[in-house]
Amino acid sequence: MPDLVELPDPTFSRRELLGATAAALGLGALACTPGAPGSPAPVQGVEPFRAPPMDRVRIGFVGVGGMGTIHVRNLVRIPGARITAVCDIVEAHAQRASGILTEAGQPAPTLYTRGPTDFVRLCETEDLDLVFTATPWEWHVPVCVAAMRNGKHAATEVPAAITLQECWQLVEEAERHRKHCLMMENCNYDRMELLVLNLVRQGVLGEVLHGEGGYLHDLREIKFASTGEGLWRRAHSIRRNGNLYPTHGLGPIANCMNVNRGDRFEYLVSMSGPARGLMLWAQTHFSPDAPQRRERYALGDVNVSLLKTAAGRTILVSHDTNLPRPYSRIHMVQGTRGLFQGYPDRVYVEGRSPSHRWEPAEHYLAEYDHPLWRFEAAREATAGHGGMDFLEDWRLIKCLREGLPTDMNVYDAAALSAVAPLSEWSVAHRSRPIDFPDFTRGRWQTQPPWGIVEP
Ligand SMILES: NC(=O)c1ccc[n+]([C@@H]2O[C@H](COP(=O)([O-])OP(=O)(O)OC[C@H]3O[C@@H](n4cnc5c(N)ncnc54)[C@H](O)[C@@H]3O)[C@@H](O)[C@H]2O)c1
């Protein structure tokens, strides 16, 4: 079995630690802003960022393993999208992506397979509009930064970044180079998540006060696999303790609360419990002399983090990937008139539902299904989590082609990803509260909420 990857130190660098400590003392974003020279001063009240429209979106794809291949299969079906270059450290993966393109009748892409930083050559050499990465977490920021420095928009899989410093780097590079840089949070586009957003927008749930989400997914087999995520994801469990994968559960709730568009994450507290699950798995699945049996894990099996927003709302975010359990993202959104609760999907609306009793969420689809889910192509999508991945790719290409602001932007990428390093800090400090940096530098107060968009 190959060795696990060497990670860059995912915990706080000295500068971040100073910043985080200062933030905990109330100095907030000031303390965490690297303030790199040349950063344009943020302007309050400006429109969301738009780039000039383009007829075709020429794409360089970096990292075509499990998730990257799903995106490639989607993108070949989206009008106006053209993958012209593919990069992967495993040549067979790049060849597989190339085969998907040629089978779809498109020209073979140029392949970049000379090693872990060959994406820089791709960004420097190719004439592209967008670089899209689905590499392991530690490569997301280096790829996005190389893309933007070479005049390309950037899109990354989740989480966008693993340290606060990296979150700021994405924001500053996007502002400096005037490029889109977004995190592809597919769960924002799932049918129930968009139903809830529509219920909120139509006022059915009243004023939203509280949300709960998370990533509760038994990944033990995946983390110990000798392919795919088994090659890199377990390393994070060895080194880090916190809410390492917060964006799937949190993204849709943040949208319902207009985070970065009228509200923002203000601070969090976080707790992790004991680490047992991975060790127990190793004991029962590997021979006594296997190196996996000697590994020790920092990551508590269950992490719970509580976020407070500037408007006073509360959000519970859970991370639970090392224990036997069925899948859940919790997905609860509660307002003054009712609530949605996922897994299984239910709704209660005062005056509409039977008193004190849940209704199946499906009852609300006829009236409140989101326009994106009335779109035939999404229902027919075969690649990726039941259609939501297709919708997020479709919307990205549409926004780029029409010169629209992207649905999610670099501030969302930074704010959602920041939960992981902030939670690590809080866990390491007896769950003390820690402030979120304001990555928008005040613009959250004037940005318009994400609308009810059409396909
Ligand atoms: N949104 C979702 O539902 C979802 C689901 C799964 C994974 N993901 C995310 O997608 C990303 C990839 O996960 P995955 O499951 O596809 O992992 P994977 O290990 O299957 O794929 C990663 C790919 O990147 C390649 N790679 C590694 N380092 C590279 C480098 N420096 N340059 C170029 N290529 C490199 C690997 O060879 C592999 O092909 C992760 O960020 C993960 O969190 C998201």
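Higher on the page you've got the structure.
Residues numbered from 1 in each chain as written. Predicted model: local features only at pLDDT ≥ 70, side-chain atom pairs only at ≥ 80, totals over all residues. Heavy atoms only, no water.

**Quick word on the overall build of the protein chain**
Here is step 1: Counting its regular elements, the protein chain contains 16 helices and 15 strands.
Here is step 2: Looking at the protein chain as a whole, 56% of its 455 residues qualify as buried.
Here is step 3: Taking the intrachain contacts of the protein chain between residues at least 6 apart in sequence as the baseline, contacts between residues at least 24 apart amount to 75%.
Here is step 4: Working note: accessible area of the protein chain is about 18200 Å², and carbon and sulfur atoms make up 53% of it. (Helix = DSSP H or I, 4+ residues; strand = E, 2+ residues; numbered from the N terminus. Buried < 20%, exposed > 50% of the residue type's maximum accessible area, 1.4 Å probe, protein only. Contact = heavy atoms within 4.5 Å. Areas by Shrake-Rupley, 256 points an atom, 1.4 Å probe, with all protein chains shown as cover.)

**Some points on the packing of helix α15 (residues 410-417) against helix α16 (residues 419-428)**
Here is step 1: Where α15 contacts α16, the axes come no closer than 5 Å and their chain directions differ by 25°. With respect to their mutual orientation, α15 and α16 come out roughly parallel. In contact with A415, L416 and S417 of α15, α16 contributes V419, A420 and P421.
Here is step 2: Taken together, the residues that form the contact of α15 with α16 break down as five nonpolar, one polar and no charged. (Axes fitted to C-alpha atoms, helices over the stretch in contact; angles between N-to-C directions. Parallel < 35°, antiparallel > 145°, perpendicular 65-115°, else oblique. Nonpolar A, V, L, I, M, F, W, Y, C, P; charged D, E, K, R; others polar.)

**A short note on the packing of helix α6 (residues 164-177) against α15**
Here is step 1: Running from N to C, α6 and α15 cross one another at 175°; their axes reach a closest spacing of 9 Å. Here α15 runs roughly antiparallel to α6, going by the angle between their axes. From α6, C167, L170, V171, A174 and E175 reach across to α15, where they touch V410, Y411, A414 and S417.
Here is step 2: Residue composition of the contact of α6 with α15, by class: seven nonpolar, one polar and one charged.

**Remarks on helix α5 (residues 140-149)**
Here is step 1: The element α5 is extensively covered by neighbouring structure, given that eight of its ten residues are classed as buried.
Here is step 2: Of all the positions in α5, only H140, V141, V143, C144, V145, A146, A147 and M148 are classed as buried.
Here is step 3: Buried positions along α5 lie against β1 (57-62), α4 (118-125), β4 (130-133), β5 (153-156), α6 and β6 (181-183).
Here is step 4: Downstream of α5 by a residue or two, G151 has a phi angle that is positive, lying close to 80°.

**Quick look at the sheet that holds strand β13 (residues 346-349)**
Here is step 1: Taken in spatial order, the nine strands line up as β14-β13-β12-β11-β7-β10-β9-β8-β15 in an open sheet, and their pairing is mixed. Lying at the two open borders of the sheet, with one neighbouring strand each, are β14 (359-360) and β15 (434-435).
Here is step 2: Taken strand by strand, helix α10 (residues 247-256) contacts β7 (208-216), β8 (265-272), β9 (302-309), β10 (314-320) and β11 (332-335), and its axis lies near 165° from that of β7. (Pairing = 2+ DSSP bridges.)

**Re the nonpolar core**
Here is step 1: Counting 115 residues, the largest nonpolar core has I59, L75, F132, L170, F265, L307 and F439 as the members making the most contacts within it.
Here is step 2: Apart from residues lying up to four places away in sequence, F265 is in contact with L250, A254, V259, L307, K308, T309, I315, A415, L416 and F436. (Core = buried A, V, L, I, M, F, W, Y, C linked by side-chain atoms within 4.5 Å.)

**Re the site of the ligand**
Here is step 1: Taken together, the neighbourhood of the ligand is formed by 26 residues, with M67, D88, H93, V158 and E229 sitting nearest.
Here is step 2: Between V158 and the ligand, the recorded distance is 2.8 Å, taken from a backbone N or O atom to an oxygen atom.
Here is step 3: Protein burial of the ligand: of its 840 Å² of free accessible surface, 91% is covered by the chains.
Here is step 4: Of the residues contributing to the shell around the ligand, the split by class is 13 nonpolar, ten polar and three charged. (Near = heavy atom within 4 Å. Polar contact = N/O pair within 3.5 Å; in protein donor to acceptor, adjacent residues only side chain to side chain.)

**Regarding the sheet that holds β1**
Here is step 1: Judged by pairing direction, the sheet is parallel, and its six strands sit side by side in the order β3-β2-β1-β4-β5-β6 without closing on themselves. Edge positions in the open sheet fall to β3 (110-112) and β6, since each of these has one partner strand only. Strand-to-strand, the axes of this sheet are offset by a mean angle of 25°, without reference to chain direction.
Here is step 2: In the sheet, β5 pairs with β6 via three bridges, with the strands oriented parallel. Among the inter-strand pairings, A155 is bridged to a residue of β6, identified as L182.

**Let's talk about the side chain of T309**
Here is step 1: On the secondary structure map, T309 appears in strand β9.
Here is step 2: Exposure remark for T309: the relative accessible area of 0% places this residue in the buried category.
Here is step 3: Among the polar contacts made by the side chain of T309, one reaches the side chain of D263 at a distance of 2.8 Å.
Here is step 4: Once residues lying within four places of it in the same chain are set aside, the contact partners of T309 are M257, D263, R264, F265, E266 and I315.

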